[in-house]
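Chain by chain, the residues run as shown.
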Amino acid sequence: MKLSEQLLNSLIEITSNSAIACYPYIGKNEKILADKAATDVMRHQLNKLDINGKVVIGEGELDEAPMLYIGEILGNGKGPQIDIAVDPVEGTNFVAKNQPGSMSVLAVAEKGNLLNAPETYMNKIVSGSHIPKGSIDIDFTVKENINIYSEITKKKNSEITVCILERPRHKEIINELNKLNVNIKFLTDGDVSGALLVSDKKFNVDIFMGIGGGPEGVIAAAALNTLNCNFQGRFLFKTAEDINRAQTMGIKDLNKKYEINEIVKGESIFCATGITSGDLMNGVFKQKDKYITETIITHNKSELKLIKKEVSLT
Ligand code: VTB
């Protein structure tokens, strides 16, 4: 294994601390301050690690965000070369409004093994490891995919749940799902966790689909690959500037359908600590003298593991 257990433990510590840094902002309607608090902690702590890291998925470009921008070099330069995807607060609205489902997220892979995703939208379709690779396809109609899923799992449409971001752009998909009598789990935000809900039957989500952030797609794929789930994505570009940026990042075929193994290769670690409680884990809980955090991690063909941590108040 190239990505050590020690690195994994450090990442758990970092996302725990960045989640804790957000704690004072839960329900304060200050999403920018919450994001800054988490980003500062994450950056400071990543810089202490024995790694030669580079941010491939970050908080915007250098000129847009001062912290954890794409291309930023992290670590003390003394360790392995790794690509880092950061999402210090996935679901800033949830923190601001004290709603369920926000988390602080990091994903890492060996250098060159994480797709450098532009800050644009991505159409995604995700299903669990019980579905044979190549069965469901982003290019099939909603009806075709539901029929295939139903045939493989022997579930009736009324027993199938599709998770999707509630957005006007999904009107047609939602109408079609309604017509098919499929259940829908709507997300107001946070499609990294939405996509991960297909990974375990206990979450009762069969398929995740629809358009969300491209960077969030890569981050989710890092976990889903380890969990042997299915993920396909295709970037969507709205403006000439989006296209330009993607081309400078090396994307040649703008209409390319990405399979999961083209988004993340080899070994990867995904690590996410709950800020506010959600489907996947509980949020930061403050006791008299300590914080309790819950972190989910995936590493090297492992299960989704939940780690509880106690961090003393300093
Ligand atoms: C997406 C989604 C994220 O924000 O980026 C979304 O992937 C923004 O989408 O998980 P809209 O432009 O439609 O609001 C999140 O939900 C949260 O960062």
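Residues numbered from 1 in each chain as written. Predicted model: local features only at pLDDT ≥ 70, side-chain atom pairs only at ≥ 80, totals over all residues. Heavy atoms only, no water.

1. Structural notes on the sheet that holds strand 8 (residues 207–213)
Inference 1: With mixed pairing, six strands are arranged side by side in an open sheet as 7-6-8-5-9-10. In this open sheet, the two strands that pair with only one neighbour each are strand 7 (183–187) and strand 10 (258–259).
Inference 2: Pairing analysis gives seven bridges linking strand 5 (residues 121–127) to strand 9 (residues 230–236), with the strands arranged antiparallel. From the neighbouring strand, Ser127 faces strand 9, where its bridge partner is Asn230.
Inference 3: Sitting on the sheet, helix 7 (residues 214–226) touches strand 5, strand 8 and strand 9, and the angle it makes with strand 5 is about 25 degrees. (Pairing = 2+ DSSP bridges. Helix = DSSP H or I, 4+ residues; strand = E, 2+ residues; numbered from the N terminus. Contact = heavy atoms within 4.5 Å. Axes fitted to C-alpha atoms, helices over the stretch in contact; angles between N-to-C directions.)

2. Details of the domain arrangement of the protein
Inference 1: On domain assignment, one finds that the protein holds domain 1 (5–111 + 268–312) and domain 2 (121–263).
Inference 2: Computed from C-alpha coordinates alone, the two centres of domain 1 and domain 2 are separated by 24 Å.
Inference 3: Listed by partner, the interface residues are 26 residues for domain 1 and 22 residues for domain 2.
Inference 4: Taken together, both faces of the contact between domain 1 and domain 2 bury some 1,900 Å²; the carbon and sulfur share is 66%.
Inference 5: Inspection of the domain 1/domain 2 interface yields one salt bridge.
Inference 6: As a salt-bridge pair, Asp279 and Lys185 come within 3.1 Å of each other at their nearest N and O atoms. (Domains from an automatic or database assignment. Buried area = accessible area lost by both parts, 1.4 Å probe. Salt bridge = Lys/Arg side-chain N within 4 Å of Asp/Glu carboxyl O.)

3. Some details on the site of the ligand
Inference 1: In the region of the ligand, the neighbouring residues are Glu90, Gly91, Tyr121, Arg167, Arg169, Asp189, Gly190, Asp191, Gly212, Gly213 and Glu216.
Inference 2: A distance of 2.7 Å is found between an oxygen atom of the ligand and a backbone nitrogen or oxygen belonging to Gly190.
Inference 3: For the ligand, an oxygen atom lies 2.8 Å from a polar atom in the backbone of Gly213.
Inference 4: For the shell around the ligand, a count of residues per class yields one nonpolar, four polar and six charged. (Near = heavy atom within 4 Å. Polar contact = N/O pair within 3.5 Å; in protein donor to acceptor, adjacent residues only side chain to side chain. Nonpolar A, V, L, I, M, F, W, Y, C, P; charged D, E, K, R; others polar.)

4. Things to note about the packing of helix 1 (residues 5–22) against helix 2 (residues 31–46)
Inference 1: Their axes nearest at 8 Å, the elements helix 1 and helix 2 cross at an angle of 155 degrees. Between helix 1 and helix 2, the angle falls in the class roughly antiparallel. When the axes of helix 1 and helix 2 are compared, the crossing they make is right-handed. Within the contact between the two elements, helix 1 uses Leu11, Glu13, Ile14, Thr15, Asn17, Ser18, Ala21 and Cys22 and helix 2 uses Ala34, Ala37, Ala38, Val41, Met42, Gln45 and Leu46.
Inference 2: Of the residues contributing to the contact of helix 1 with helix 2, the split by class is ten nonpolar, four polar and one charged. (Parallel < 35°, antiparallel > 145°, perpendicular 65-115°, else oblique. Left-handed = near helix turned anticlockwise from the far one by under 90°.)

5. Regarding the side chain of Thr298
Inference 1: Assignment of secondary structure puts Thr298 in strand 13 (residues 290–299).
Inference 2: Leaving out residues up to four positions away in the same chain, Thr298 has contacts with Ala222, Ala223, Thr226, Leu227, Ser268, Ile269, Phe270, Glu303 and Leu304.

6. A short note on unusual backbone geometry
Inference 1: One non-glycine residue, Asn29, adopts positive backbone phi at about 55 degrees.
Inference 2: If you trace the backbone, Asn29 turns up in the loop between helix 1 and helix 2.
Inference 3: Here Asn29 falls in the exposed class, since its relative accessible area comes to 61%.
Inference 4: If you check the backbone angles, Lys154 has positive phi at about 60 degrees while not being a glycine.
Inference 5: Its place among the elements puts Lys154 in the loop between helix 4 (142–153) and strand 6 (161–165).
Inference 6: With a relative accessible area of 71%, Lys154 lands in the exposed category. (Buried < 20%, exposed > 50% of the residue type's maximum accessible area, 1.4 Å probe, protein only.)

7. Brief notes about the packing of helix 4 against helix 5 (residues 171–179)
Inference 1: Close contact between helix 4 and helix 5 brings their axes to 10 Å; oriented N to C, the two are set at 45 degrees. Relative to helix 5, the element helix 4 is oriented oblique. Viewed along their axes, helix 4 and helix 5 form a crossing whose handedness is right-handed. Taken together, the residues of helix 5 that come into contact with helix 4 (itself represented by Val142, Lys143 and Ile146) are Ile173, Glu176 and Leu177.
Inference 2: Residues of the contact of helix 4 with helix 5, tallied by class, amount to four nonpolar, no polar and two charged.

8. Quick word on the environment of Gly210
Inference 1: Position of Gly210 among the secondary structure elements: in strand 8.
Inference 2: Excluding its chain neighbours within four sequence positions, the residues that come into contact with Gly210 are Met122, Asn123, Lys124, Ile164, His170 and Ile173.

9. Section: the side chain of Glu59
Inference 1: Along the chain, Glu59 falls in the loop between strand 1 (52–57) and strand 2 (73–74).
Inference 2: Although buried, Glu59 forms no salt bridge, and the nearest oppositely charged side chain, Lys36, lies 10 Å from it. (Lys, Arg positive; Asp, Glu negative; His and termini not counted.)

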